[in-house]
Amino acid sequence: STLLLLNGPNLGILGRRQPEVYGTATLDDIESAVGARVAERGWKVLSIQRESEGELIHAIQENYDSVGAIVNPGALMMYGWSLRDALANYPAPWIEVHLSNVWARESFRHESILSALASGVVVGLGALGYELAASALLELVSPAGA
Ligand code: DQA
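None of the values given here were measured: they were computed from a predicted structure. (Residues numbered from 1 in each chain as written. Predicted model: local features only at pLDDT ≥ 70, side-chain atom pairs only at ≥ 80, totals over all residues.)

## Concerning helix 2 (residues 27-39)
And step 1. For helix 2, which comprises 13 residues, the first-to-last C-alpha distance of 18 Å matches the rise-based estimate of 18 Å (1.5 Å per residue) to within 8%.
And step 2. Buried residues of helix 2: I30, V34, R37 and V38, and no others. In an axial view of helix 2, the angular spread of the buried residues amounts to 85°, which keeps them on one side of the axis. Opposite its buried face, helix 2 presents the exposed residues D28, A36 and A39, each directed more than 90 degrees away. (Helix = DSSP H or I, 4+ residues; strand = E, 2+ residues; numbered from the N terminus. Expected span 1.5 Å × (residues − 1). Buried ≥ 20, exposed ≤ 12 C-beta atoms within 10 Å, placed from the backbone. Arc of directions from axis to C-beta.)

In C-alpha cells:
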C-alpha cells in the first residue's frame, strides 16, 4: 500500500526556506519520518513535490489507488481551485498539513479553500505535523485497506 505525500510550491527547499518560519527539517527528513511512522503497517511513502498546480493534479490523478494522502499545498491553499477539484475526486482520506501556524501570520493565509474537503488539518506543528497526519491516516484507513 502506498501513502501519497504531496507538497506544493516552495516546499522542496525546506530547511533553506525561511527556517525561522518553516524550521530546519528538509523534505528528505520529513519523508523519512513519515516512512518510519507507516512502516509498521507495511505502507510505502510516495513523496511528490511540485512547484506547479497542474503537476500536483497529475500526481493525484495518477495515484487514486493510494491508501491516503498528506497534502501541504503551500500557497495553493488560498487559490488552488483546480487542485481543490482534484482533491474532491480523490477517493481515499487525506489530511492537510501546514508547517507554520497560518492564523498567526498574514490575514491572506487565514482561509484555506481546501480544508473543508480534508479529513483533518494539522497546522503550526512544523515537521511533526506530517508525522501526526501519518498516524491519523493509519487510524482512519481500515486494516482492510492496509
Ligand atoms: C505553508 C503555509 C502557506 O501559507 C505558505 O504559502 C506555504 C507553506 C506551511 O506549511 O506553513 O508555502 O503551507
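## A closer look at unusual backbone geometry
And step 1. The backbone of N10 shows a phi angle near 70°, a positive value even though the residue is not glycine.
And step 2. Structurally, the position occupied by N10 is in the loop between strand 1 (2-7) and helix 1 (19-22).
And step 3. Unlike most non-glycine residues, Q18 shows phi in positive territory, near 30°.
And step 4. Given 11 C-beta atoms within 10 Å, Q18 falls into the exposed group.

## Thoughts on the nonpolar core
And step 1. Ranked by internal contacts, the top residues of the largest apolar core, which has 31 residues, are L3, V34, I70, Y130, A133 and A134.
And step 2. Among the elements of the structure, strand 1, helix 2, helix 3 (53-61), strand 3 (68-72), helix 4 (76-79), helix 5 (81-88), strand 4 (94-98) and helix 6 (128-140) are those that each provide at least two residues to this core.
And step 3. If near-sequence neighbours (up to four positions away) are discounted, A134 is found in contact with L3, V34, R37, V38 and I70. (Core = buried A, V, L, I, M, F, W, Y, C linked by C-beta atoms within 7 Å. Contact = placed C-beta atoms within 7 Å.)

## Some details on the packing of helix 2 against helix 6
And step 1. Contact geometry of helix 2 with helix 6 gives a least axis separation of 9 Å together with a crossing angle of 25°. For the element pair helix 2 / helix 6, the angle class is roughly parallel. In this structure, helix 2 crosses over helix 6, and the sense of that crossing is right-handed. Note on element contacts: helix 6 touches helix 2 through Y130, E131, A134, S135 and L138, opposite I30, A33, V34, R37 and V38. (Axes fitted to C-alpha atoms, helices over the stretch in contact; angles between N-to-C directions. Parallel < 35°, antiparallel > 145°, perpendicular 65-115°, else oblique. Left-handed = near helix turned anticlockwise from the far one by under 90°.)

## Digging into the packing of helix 3 against helix 5
And step 1. Where helix 3 contacts helix 5, the axes come no closer than 9 Å and their chain directions differ by 5°. Regarding the angle of helix 3 to helix 5, the classification is roughly parallel. Residues E53, L56, I57, I60 and Q61 of helix 3 form the contact with helix 5, whose participating residues are S82, L83, A86 and L87.
And step 2. Residue composition of the contact of helix 3 with helix 5, by class: six nonpolar, two polar and one charged. (Nonpolar A, V, L, I, M, F, W, Y, C, P; charged D, E, K, R; others polar.)

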